[in-house]
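Each chain is listed here by its residues.
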Amino acid sequence: MSTPFLSVRDLIVDFHTEDGVVHAVDGLSFDVDKGTTLGIVGESGSGKSVTNLAVLGLHDPETARISGGITLDGEELIGASRSTMERIRGNKAAMIFQDPLTSLSPYHTVGRQIGEVFRRHTGASRAAARDRAIEMLTRVGIPQPKTRVDDYPHQFSGGMRQRAMIAMALVCDPDLLIADEPTTALDVTVQAQILDLLRDLQEQTGTAIILITHDLGVVAATAHDVLVMYAGRAVERGTVREILGEPRHPYTWGLLASMPRLSAPVDLPLRPVRGTPPSLLNVPPGCPFHPRCDYPDLAGPELCRTVRPELSPHRGHGDACYLTLAQKREIHR
Ligand code: SF4
């Protein structure tokens with residue numbers, strides 16, 4: 001079996017706060033291969049973004065305690081020096097954030113900001129960086145890129161700003177792109193355009209993509225593989241077909257039931273997962289989902305409340321739940 005391009009093993013991210021230790025990520029493992037997209041789904045606070053900030057080395061070492069292994073193209077990132085991480089963030093890995101307005105400076109033109117990233121990592125001249133910015137704006141479908149390159153972010157629409165962010169993230173041809181809720185703030189049409197754009201770019205360049213989202217619809221349209229996270233842990237992992245076609249974990253069933261479907265009757269109400277996610281200062285013992293789960297009595301209430309279920313081996317369709325496969329199939333027909 002070939003080595004995955006990105007391999008995360010037993011990742012733990014704790015934050016030491018005045019109120020105690022926040023266990024944001026607790027023993028997470030996953031792989032991403034070149035040319036594929038991994039969708040990481042879960043509610044707010046499930047550890048999706050914290051995981052990916054750890055991959056990029058963006059946590060403050062004063063407050064975050066990180067252990068485990070993160071290997072990108074054979075290079076270990078945990079414990080890597082600041083200069084190594086800066087090199088990796090420029091050339092090998094990049095991130096697109098949810099809200100471009102917080103990442104784009106209002107004081108500089110869009111072209112200047114894209115060009116500066118290029119200059120910083122390649123040492124290119126200003127003229128070459130401007131040409132590269134125009135090329136990138138063209139690639140992400142900004143109309144009249146030769147003139148729009150001199151616009152400020154406020155002169156762009158929301159969808160164009162998100163495209164500009166993608167252009168900035170891709171300007172150094174990264175091998176890994178992490179997109180954190182890249183379409184949440186956009187209307188449905190623009191959302192579809194941005195997802196198409198990411199897919200096209202991946203086809204052209206073979207980039208590995210991690211797509212962080214709470215929306216299984218976005219995953220269905222874009223991802224090859226899916227990791228479902230709950231309370232800082234992986235509760236289910238598989239291909240998009242496995243997770244959407246034969247989901248096995250009660251939390252995944254809950255996420256699917258809360259998602260609108262075109263095939264469902266229009267008057268069918270959406271059912272959000274009952275209850276709220278746990279505080280990461282005080283994660284429930286046993287299965288962290290047990291206070292919200294409808295089936296602990298079926299699986300063995302003492303077991304569910306006291307012993308943490310582990311996700312089965314690193315590859316293939318796996319889930320962390322004590323129900324038998326037959327019980328899961330019976331419940332979720
Ligand atoms: Fe529910 Fe128990 Fe499965 Fe957790 S292990 S999801 S509590 S049935």
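For the structure, see preceding data.
Cut-off values and rules
Residues numbered from 1 in each chain as written. Predicted model: local features only at pLDDT ≥ 70, side-chain atom pairs only at ≥ 80, totals over all residues. Heavy atoms only, no water. Core = buried A, V, L, I, M, F, W, Y, C linked by side-chain atoms within 4.5 Å. Buried < 20%, exposed > 50% of the residue type's maximum accessible area, 1.4 Å probe, protein only. Helix = DSSP H or I, 4+ residues; strand = E, 2+ residues; numbered from the N terminus. Contact = heavy atoms within 4.5 Å. Pairing = 2+ DSSP bridges. Axes fitted to C-alpha atoms, helices over the stretch in contact; angles between N-to-C directions. Polar contact = N/O pair within 3.5 Å; in protein donor to acceptor, adjacent residues only side chain to side chain. Expected span 1.5 Å × (residues − 1). Near = heavy atom within 4 Å. Nonpolar A, V, L, I, M, F, W, Y, C, P; charged D, E, K, R; others polar. Phe/Tyr/Trp six-rings, centres within 6.5 Å; stacked < 30°, edge-to-face > 60°.

1. Focus: the nonpolar core
No. 1: One finds Leu6, Phe30, Leu176 and Ile210 to be the most contacted residues of the largest nonpolar core, which totals 54 residues.
No. 2: Of the residues forming this core, the biggest block, six residues, is contributed by strand β2 (residues 20–32).
No. 3: Setting aside chain neighbours within four positions, we find Leu6 in contact with Phe30, Asp31, Val32, Val55, Ile70, Thr71, Leu72, Leu176 and Ile210.
No. 4: Residues Ile134, Val140, Leu177 and Leu198 belong to the second largest nonpolar core, which totals 39 residues.

2. Some words on the pairing of strand β6 (residues 93–96)
No. 1: Where burial is concerned, the two faces of β6 agree: the one with Ala93 and Met95 and the one with Ala94 and Ile96 are both buried.
No. 2: Relative to strand β7 (residues 176–180), β6 runs parallel, the two being bridged by four bridges. Bridging across to β7, Ala94 finds its partner in Leu177.

3. Details of the sheet that holds strand β3 (residues 37–41)
No. 1: The seven strands lie next to each other as β6-β7-β8-β3-β9-β10-β11, forming an open sheet whose pairing is mixed. The outermost strands of the open sheet, each flanked by one partner alone, are β6 and β11 (318–319).
No. 2: Helix α11 (residues 250–257) rests against β3, β9 (225–230) and β10 (233–239) of the sheet, and its axis sits at about 105° to β9.

4. Things to note about the side chain of Gln202
No. 1: Structurally, the position occupied by Gln202 is in helix α8 (residues 188–205).
No. 2: A distance of 3.1 Å separates a polar side-chain atom of Gln202 from the backbone oxygen of Thr36.
No. 3: Filtering out sequence-adjacent residues up to four positions away, Gln202 remains in contact with Gly35, Thr36, Thr37, Thr207, Ile209 and His224.

5. Considering helix α5 (residues 126–139)
No. 1: Compared with the 20 Å implied by 1.5 Å per residue over 14 residues, the 20 Å span of α5 between its first and last C-alpha is a close match.
No. 2: Each element contacted by the buried residues of α5 is listed here: α4 (110–122), α6 (145–148) and α7 (158–170).
No. 3: Count one or two residues on from α5 and you reach Gly141, which has phi positive near 80°.

6. Section: the site of the ligand
No. 1: Near the ligand the following residues occur: His249, Pro250, Cys287, Phe289, His290, Cys293, Tyr295, Ala299, Cys304, Cys321, Tyr322 and Leu323.
No. 2: Its residues assigned to classes, the shell around the ligand shows ten nonpolar, two polar and no charged.

7. Digging into the packing of aromatic side chains
No. 1: Summed over the entire model, instances satisfying the criterion amount to four aromatic pairs.
No. 2: Ring centres of Tyr230 and Phe289 lie 5.1 Å apart, and the angle between their planes is 85°; this geometry places the pair in the edge-to-face category. Here the residue Tyr230 occupies a position in strand β9, and Phe289 occupies one in the loop between α11 and α12 (296–299), the gap between them amounting to 59 residues. Neither Tyr230 nor Phe289 differs from the other in exposure class; each is buried.

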